[in-house]
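# Observations on the three-dimensional arrangement
The primary structure of each chain is shown beneath.
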Amino acid sequence: MKINAKVLIVSLVAAVGCAQVKVPVTYQEAEDPTPMTDRSAALWQKIRGLESVWASKDSIYSRSEVPFPTGIEVCQLEGWRGETLNAQFLLYTGSGTEAVTCKVKDLKSDKSTIPSEAVKAQFVRYTLADLGHEDCRCHRSVANPAILSPDMIDTLKFFNIPARTTRPVWVTVCIPSDAEPGVYESEIVVSGKGFSKVTMPFTVEVIDQTLPEYKDWKFHLDLWQNPSAVARMENLEMWSEKHFEALKRQMLPLAQAGQKVITATLNRDPWGYQTFDDYEEMILWTRHKDGSWSYDYTIFDRWVELMMSLGINKQINCYSMLPWSNKLQYFDEAKGELKTPTVSPDSEIFEEIWGAFLTDFSKHLAEKGWLGITNIVADERRPEDMAEANRVIEKYAPQIGIAMADKHASYRRFMNIKDCCVAQRQLYLTAEELAERRAKGYVTTFYVCCSTFFPNNFTYSQPFESELLPWHAITRDYDGMLRWAYNSWPYRPEYDSRFRLWGSGDTYMIGSHARHTMRFDRTKAGIQAYEKVRILREKYSDNPEILKPLEDKLAQMNSLELTDYNLPWAKILEEANVILNEVSRKANNNQ
């Protein structure tokens, strides 16, 4: 299938009653590569006008198939004050309709009202994705064909729904931190051209517990940021004023998910060109005619300060003394040109070059007050290379921390790794190892990437998988999780989420222009669950009977093999959330 890379920005004018409204269309979705069956075509013939159904937020739904009835007349949600909840309903039409909009009414209980502004009902867009296979490094052959998968949550207020298609609507409820406990009722009114209004009733139970602001969450979230991708997607000059403004908008949802780590680079593209957009330099290196070195930290400083202004300020993780290509770029003053030599850990110049940099870098960090929170990070590097990098850091900049994404159990060999993230499928730390690291103030997390089929955050993954991952941190007692890309988008992620041989969506978790995805929102839901469990354990540690149903459920989840996708994980997760909220009510009643 030929991809139309051109972004279409047009305005269609549609009539709604007597009014004229402009309907912006930011781009055209791909055609569905899966042929419609005769059965589906026959079902669509029976659909008149626009119909709707509440659907499971745990599942993705085909754009070309008629949804099955779910029997859910009223969607029932429950959560703490300060918690963000999600739901999903489907709109579908056999004949097509235009200028569809979703308006939320105020949420009302017997005693109080939550303004409608606390709720968003947004259209979900489809993108090309992989069908999905246990070998996540997809070959994109007949054995692994393309599908169309819902992913990005658009900000359009109006939407045209073509004939014989289904359109998911993602509902987001942000419970105010001062909301009165109780059950609130509301409805979403769907209107548009040529059909009677459709209403989607829902309730929200506000439980008498309060989730703190995201800046105070303890879950150690580390999604790697890529500033270069933002410049390209918004057609901005790299590191310009407008670029930094766009970066602030793009990184705000990450901060609101509780991100703890700033992704910074020591040199150009430490991952060896594994992304569509190369990582541009944050620190400019110059070797002078006399052989001395100087370093321009202007961009690095501004990037760190921007992220800290959003509340992302626990760690600065700097990549890397061990880049994947072992390439290092600097300006050679004597020759007046850029040079990119290979500087491998076993080379004679490794210590000379990195020793000079680390000495200067540590002084700069101390002046900025960042020395104690900065780590030099290695990503899946060999233990032999880690040993040399570790030796040089200890010699020239011992106050800088060491971090790594680890698939070699290097945390058992190098006891000074302050931030260790282990591969979820390959390594499990023992309770004793976790306790020892925690006693030192170290951080221990896990990561998933293209090597893990289930659970994961691919565009073909079911949405509940994203929430299941932070629950894994709960059951295994990790401090949080890492994923290798927050926003390393392929060419046009809205149209096609695939990139090279990695599973579709592997390179990003959020859409461009700060548009959420279902995967991102469900990851945040799991992080909120982590915080709720932590708070309940702290508040009611002297009353284990209250927590027993929750602890029993967590123990059961821990006894199961997470990667066994034949287990009913969606049901297990739903049960865990129900128990978590039941314990929250019971704990409050027994205060």
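Below or above, wherever it landed, is the structure these notes cover. Note that this is a predicted model, so its numbers are computed, not measured. (Residues numbered from 1 in each chain as written. Predicted model: local features only at pLDDT ≥ 70, side-chain atom pairs only at ≥ 80, totals over all residues. Heavy atoms only, no water.)

## A few points about the overall build of the chain
Operational definition: Numbering goes from the N terminus for both helices and strands, where a helix is a DSSP run of H or I of at least four residues and a strand is a run of E of at least two. For this measure, only C-alpha atoms enter the radius of gyration; the expected value for a globule follows 2.2 Å times N^0.38, where N is the number of residues. Each residue's exposure class comes from its accessible area (1.4 Å probe, protein chains only) as a fraction of the maximum for that residue type: buried when under 20%, exposed when over 50%, partly exposed otherwise. The contact definition used throughout considers only heavy atoms, calling two residues in contact when any of these lie within 4.5 Å. Residue burial considers only the protein chains on display, and all accessible areas are found by Shrake-Rupley using a 1.4 Å probe. The charge count treats Lys and Arg as positive and Asp and Glu as negative. His and the chain ends do not count. By convention, the point assigned to a charge is CZ for Arg, NZ for Lys, CD for Glu and CG for Asp.
From N to C terminus, the chain includes 11 helices and 26 strands. Against the 2.2 N^0.38 benchmark of 25 Å for 591 residues, the chain shows a C-alpha radius of gyration of 25 Å, consistent with a compact globule. Taken along the three principal axes of its C-alpha coordinates, the chain extends 80 × 60 × 45 Å. The 591 residues of the chain split such that 57% are buried. Contacts in the chain between residues at least 24 apart in sequence constitute 73% of all its contacts with a sequence separation of at least 6. Accessible surface, the chain: about 24,800 Å² in total, of which carbon and sulfur atoms supply 50%. Charged side chains of the chain number 69 positive and 80 negative; the gap between the two group centres comes to 4 Å.

## Observations regarding the nonpolar core
Applied cut-off: In this text, buried Ala, Val, Leu, Ile, Met, Phe, Trp, Tyr and Cys residues form a nonpolar core when linked through side-chain atoms within 4.5 Å.
Trp285, Phe300, Trp354, Phe357 and Phe361 are the most contacted members of the largest nonpolar core, which has 108 residues in total. Setting aside chain neighbours within four positions, we find Phe361 in contact with Leu266, Ile283, Tyr297, Phe300, Cys318, Thr374, Ile376 and Ile400. Membership of the second largest hydrophobic core comes to 34 residues, among which are Leu91, Val100, Val104 and Tyr184.

## Digging into the sheet that holds strand β15 (residues 220-223)
Counted only if it meets this: What makes two strands pair is DSSP finding at least two bridges between them. Orientation is described by axes fitted as lines to C-alpha atoms, over the contacting stretch for helices, and by angles from 0 to 180 degrees between their N-to-C directions.
The parallel open sheet is built from eight strands, whose spatial order is β15-β26-β25-β24-β23-β22-β19-β16. The open sheet has two edge strands, β15 and β16 (261-265), and neither has a second partner. The average angle at which neighbouring strand axes cross in this sheet is 25 degrees, direction not considered. Two elements, strand β22 (residues 374-379) and strand β23 (residues 401-406), share five bridges in a ladder whose sense is parallel. Each bridged residue has a counterpart across the sheet, and for Ala378 the counterpart in β23 is Met404.

## Points about the sheet that holds strand β3 (residues 50-55)
Ordered in space as β3-β5-β12-β9-β10, the five strands form an open sheet in which the pairing is antiparallel. Each edge of the sheet is formed by a strand with only one pairing partner; in this case those strands are β3 and β10 (146-153). On average, adjacent strands in this sheet sit at an angle of 30 degrees to one another, irrespective of strand direction. Sitting on the sheet, helix α9 (residues 518-539) touches β5 (84-93), β9 (119-130), β10 and β12 (165-174), and the angle it makes with β10 is about 60 degrees.

## Description of helix α7 (residues 431-439)
Heads up, the rule is: Comment: arc refers to directions from the helix axis out to C-beta atoms.
The set of residues buried in α7 consists of Glu433, Leu434 and Arg437. Viewed end-on, α7 has its buried residues packed into an arc of 100 degrees, placing them on one side of the element. Opposite the buried face of α7, by more than 90 degrees, sit the exposed residues Ala431, Glu432 and Ala439. Those residues of α7 that are buried lie in contact with β24 (417-423), β25 (443-448) and α8 (463-476). Positive phi shows up at Gly441, right after α7, with a value of about 85 degrees.

## So, the packing of aromatic side chains
The line we're drawing: Here is the rule: rings of Phe, Tyr and Trp (six-membered ring for Trp) pair when centre to centre is within 6.5 Å. Planes less than 30 degrees apart are stacked, more than 60 are edge-to-face, and the remainder are tilted. Ring-over charges, as used throughout, are those where CZ of Arg or NZ of Lys falls within 6 Å of the ring centre and within 35 degrees of the ring normal.
Considering all chains together, one arrives at 32 aromatic pairs under this definition. Residues Trp271 and Tyr319 carry aromatic rings whose centres are separated by 4.7 Å and whose planes lie at 40 degrees to one another, so their mutual orientation is tilted. Of this pair, Trp271 sits in the loop between β16 and β17 (284-287) while Tyr319 sits in strand β19 (residues 315-319); the two residues are 48 residues apart in sequence, bridging distant segments of the chain. Judged by relative accessible area, Trp271 falls into the buried class, the value being 4%. With a relative accessible area of 2%, Tyr319 lands in the buried category. Their ring planes at 25 degrees and their centres at 5.8 Å tell us that Phe499 and Trp502 sit as a pair that is stacked. For the pair Phe499 and Trp502, one class covers both residues: buried. Ring pairing ties together the aromatic residues Trp285, Trp293, Tyr295, Tyr297, Phe300, Tyr330, Trp354, Phe357, Phe361 and Trp370, which thus form one cluster. Above the face of the Tyr27 ring, Arg125 is positioned so that its terminal group lies 4.2 Å from the ring centre. Taking the ring centre of Phe244 as reference, the NZ or CZ of Arg302 above it sits at 4.2 Å.

## As for the packing of helix α5 (residues 350-368) against helix α6 (residues 383-396)
The cut-off we apply is this: Relative orientations are named as follows: roughly parallel for angles under 35 degrees, roughly antiparallel for angles over 145 degrees, roughly perpendicular for angles from 65 to 115 degrees, and oblique for any other angle. Crossing chirality is assigned from the near helix's rotation relative to the far helix, an anticlockwise turn below a right angle marking it left-handed and a clockwise turn marking it right-handed. Each residue gets one of three labels, nonpolar for Ala, Val, Leu, Ile, Met, Phe, Trp, Tyr, Cys and Pro, charged for Asp, Glu, Lys and Arg, and polar for the others, Gly among them.
Relative to each other, α5 and α6 sit at 45 degrees, their axes nearing to 9 Å. The angle between the axes of α5 and α6 places the two elements in the oblique class. Seen along the crossing, α5 lies across α6 with a hand that is right-handed. Where α5 abuts α6, its residues Phe350, Glu351, Trp354, Gly355, Leu358, Thr359 and Ser362 lie against Glu388, Ala389, Arg391, Val392, Ile393, Lys395 and Tyr396. Among the residues forming the contact of α5 with α6, the class breakdown is seven nonpolar, three polar and four charged.

## Here's the deal with the pattern of salt bridges
Selection rule: The term salt bridge refers to a side-chain nitrogen of Lys or Arg lying within 4 Å of a carboxyl oxygen of Asp or Glu.
For the structure shown, the criterion picks out 39 salt bridges. Residue Asp154 is joined to Arg515 by a salt bridge in which the shortest nitrogen-to-oxygen separation is 3.6 Å. Taken together, the positions of Asp154 in the loop between β10 and β11 (159-161) and Arg515 in the loop between β26 (480-483) and α9 put the pair 361 residues apart, joining distant regions of the chain. The pair Asp154 / Arg515 is uniform in exposure class, with both members buried. In this structure, Arg534 and Glu531 form a salt bridge, with 2.6 Å as the shortest nitrogen-oxygen distance. Separated by three residues within a single helix, Arg534 and Glu531 lie in helix α9, roughly one turn from each other. Across the pair, Glu531 and Arg534 agree in class, each one buried.

## Here we look at unusual backbone geometry
A cis amide bond links Tyr319 to the next residue, Ser320, at an omega of -10 degrees. Positionally, Ser320 belongs in the loop between β19 and β20 (330-332). Residue Pro455 follows Phe454 across a cis peptide bond; omega there is -15 degrees. Tracing the sequence through the fold places Pro455 in the loop between β25 and α8. Positioned with a positive phi, His513 is a non-glycine residue whose angle comes to about 55 degrees. Mapped onto the elements of the fold, His513 is located in the loop between β26 and α9. For His513, a relative accessible area of 43% translates into the label partly exposed.

Just distances and angles here, no functional claims.
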